[in-house]
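# An overview of the molecular structure
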Amino acid sequence: MENRRNDGVSTPPPPTKVYSDEQLAIEIPETAHQISSDSWFQVGFVLTTGINSAYVLGYSAAVMVPLGWVGGVVGLILATAISLYANALIAKLHEFGGKRHIRYRDLAGFIYGRKAYSLTWVLQYVNLFMINVGYVILAGQALKAVYVLFNDDNTMKLPYFIAITGFVCALFAICVPHLSALRIWLGFSTFFSLVYIVIAFALSLRDGIRAPPRDYGIPGTDISRVFTTIGASASLVFAFNTGMLPEIQATVRQPVVRNMMKSLYFQFTVGVLPLYAVAFMGYWAYGNESSSYLLNSVSGPVWVKTFANISAFLQTVIALHIFASPMYEYLDTKYGIKGSALAIKNLSFRVMVRGGYLAITTLLAAALPFIGDFMALTGAISTFPLTFILANHMYLVAKRNKLTSLQKSWHWLNVVFFGIMSAAAAVAAFRLIAVDSKNYSIFADV
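Residues numbered from 1 in each chain as written. Predicted model: local features only at pLDDT ≥ 70, side-chain atom pairs only at ≥ 80, totals over all residues. Heavy atoms only, no water.

### With respect to the overall build of the protein
Of the regular secondary structure elements, the protein holds 15 helices and two strands. By the burial criterion, 55% of the 446 residues in the protein qualify as buried. In the protein, the share of contacts with a sequence separation of at least 24, taken over all contacts with a separation of at least 6, comes to 83%. In the structure as shown, the protein presents an accessible area of about 19500 Å², 68% of it carried by carbon and sulfur atoms. (Helix = DSSP H or I, 4+ residues; strand = E, 2+ residues; numbered from the N terminus. Buried < 20%, exposed > 50% of the residue type's maximum accessible area, 1.4 Å probe, protein only. Contact = heavy atoms within 4.5 Å. Areas by Shrake-Rupley, 256 points an atom, 1.4 Å probe, with all protein chains shown as cover.)

Here is the structure:
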């Protein structure tokens, strides 16, 4: 039907709208990687891969031993709940202000300004770099565990296996151009995770049934217990948070907020169960003697332990790629790496840049192979600020006109509390690293 203006001249009808005005207004920033291509279920598996990586084999020692049964169980449940809440705040801001914020620093910069953009960039990449250092250490421990099963002559040291790990991770990074290209590898990752989780759980259960009563007392002096408890709190938040939620959310299909919430609910319900199972069973079976790499504690058939350790190694290679992808995306976008992944220019760029990044990561991992310390330090200096302090304050600033006074007070309480926890946990983590550095030399075989 035509519309008529006051002067009698007819005007054509407005075009039919397929999308709402709000959807049409969403601006998508430039990126060399794919966005809006994955289902919420695939994104849920990406998140679940992160929390059920081989890091779960260390939570009996890093979380349960310093906190004990009551503190450990309550701490893990609380950390799950507050992590879901904090991640939901970030997810709801993904399209804030009519723009998709596909990077954490983009969101912070949009809300606060350029300085916050740069600070968030530094915090996030320190966070992801340290997570990847931990992954290289874990994968090196898994390879060493396989070697020791067949040849315990102490000829091959942990740094050698860490170097092998770095090489394999570099090959994988060169072959898989971006996060969405993982697809089939996420299926392999889930399979590998189930292998080492089921084997670790079953062998720990068998050892626990056969073993004499264990000591579940929190070890150390009163002063050391204070520091290890604070450090364990940082490991708790480290366990459930990626520090790269906007980058992962960038890959999910529209509607991005609703689908991302589905992914988060999947992660923090079904996805956390394997983590709980391994952490609790490992502590029950070995008490305060639990190893920082649980498969070093279990006894059982050599072939079963070999299968578990190889699965842990391979899953870690895949998980590292997820946490390195924001760095890869930044570099690929900055230098205009687009088109076929097999183009000579693109391939050579990945060889040099990703290979160089992983060489530095591997060198630090071999020099300071203290996995528990890295979990605590990463949680203190980056996970607390990024996931809890920044998430609450960004939501407070972005939604300030829609929040009640009570809601504003709640978010400020979170900002202050987690700020104090971050500072305390950083002190505790640096103390742990200082103590371990005295006990071990650089490039230690631990």
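Structure shown, so let's carry the discussion forward.
### Considering a nonpolar patch on the surface
Taken together, the side chains of Trp 69, Val 70, Val 74 and Leu 78 make up a nonpolar region of the molecular surface, amounting to roughly 380 Å² of accessible area. Positionally, Val 74 belongs in helix H3 (residues 59-92). (Patch = residues over 30% accessible without salt bridge, like charges linked within 9 Å, V, L, I, M, F, W, Y side chains within 5 Å. Salt bridge = Lys/Arg side-chain N within 4 Å of Asp/Glu carboxyl O.)

### Re the confidence of the model for the protein
Averaged over all residues, the pLDDT of the protein equals 83, while 88% of them reach at least 70. Contacts for the low-pLDDT stretch residues 1-25, under 50 throughout, to residues beyond four places or in other chains number 13 contacts. (pLDDT = per-residue confidence, 0-100.)

### Some points on the nonpolar core
Of all hydrophobic cores here, the largest spans 111 residues; its most connected members are Leu 57, Tyr 59, Leu 76 and Phe 240. In this structure Phe 240 touches Ile 51, Leu 76, Ala 79, Thr 80, Ser 83, Gln 267, Phe 268, Val 272, Leu 275 and Tyr 276, once residues within four positions along its chain are discounted. (Core = buried A, V, L, I, M, F, W, Y, C linked by side-chain atoms within 4.5 Å.)

### Quick notes on the side chain of Thr 48
Tracing the sequence through the fold places Thr 48 in helix H2 (residues 40-51). Beyond its immediate sequence surroundings of up to four residues, Thr 48 is in contact with Phe 266, Gln 267 and Gly 271.

### A few points about the packing of aromatic side chains
Counted by the stated rule, this structure contains 26 aromatic pairs. Ring centres of Phe 96 and Phe 110 lie 5.9 Å apart, and the angle between their planes is 90°; on these two criteria the pair is classed as edge-to-face. Here Phe 96, found in the loop between H3 and helix H4 (104-112), pairs with Phe 110, found in helix H4; they are 14 residues apart in sequence, far enough to count as distant. Taking the relative accessible area as the measure of exposure, Phe 96 reaches 24% and is therefore partly exposed. A residue is classified by how much of its surface remains accessible, and Phe 110, at 37% relative accessible area, is partly exposed. (Phe/Tyr/Trp six-rings, centres within 6.5 Å; stacked < 30°, edge-to-face > 60°.)

### Observations regarding H2
Between its terminal C-alpha atoms H2 stretches 17 Å, which fits the 16 Å expected from twelve residues at 1.5 Å a residue. In terms of burial, H2 is a largely internal element, nine of the twelve residues being buried. Among all positions in H2, only Gln 42, Val 43, Gly 44, Val 46, Leu 47, Thr 48, Thr 49, Gly 50 and Ile 51 are buried. (Expected span 1.5 Å × (residues − 1).)

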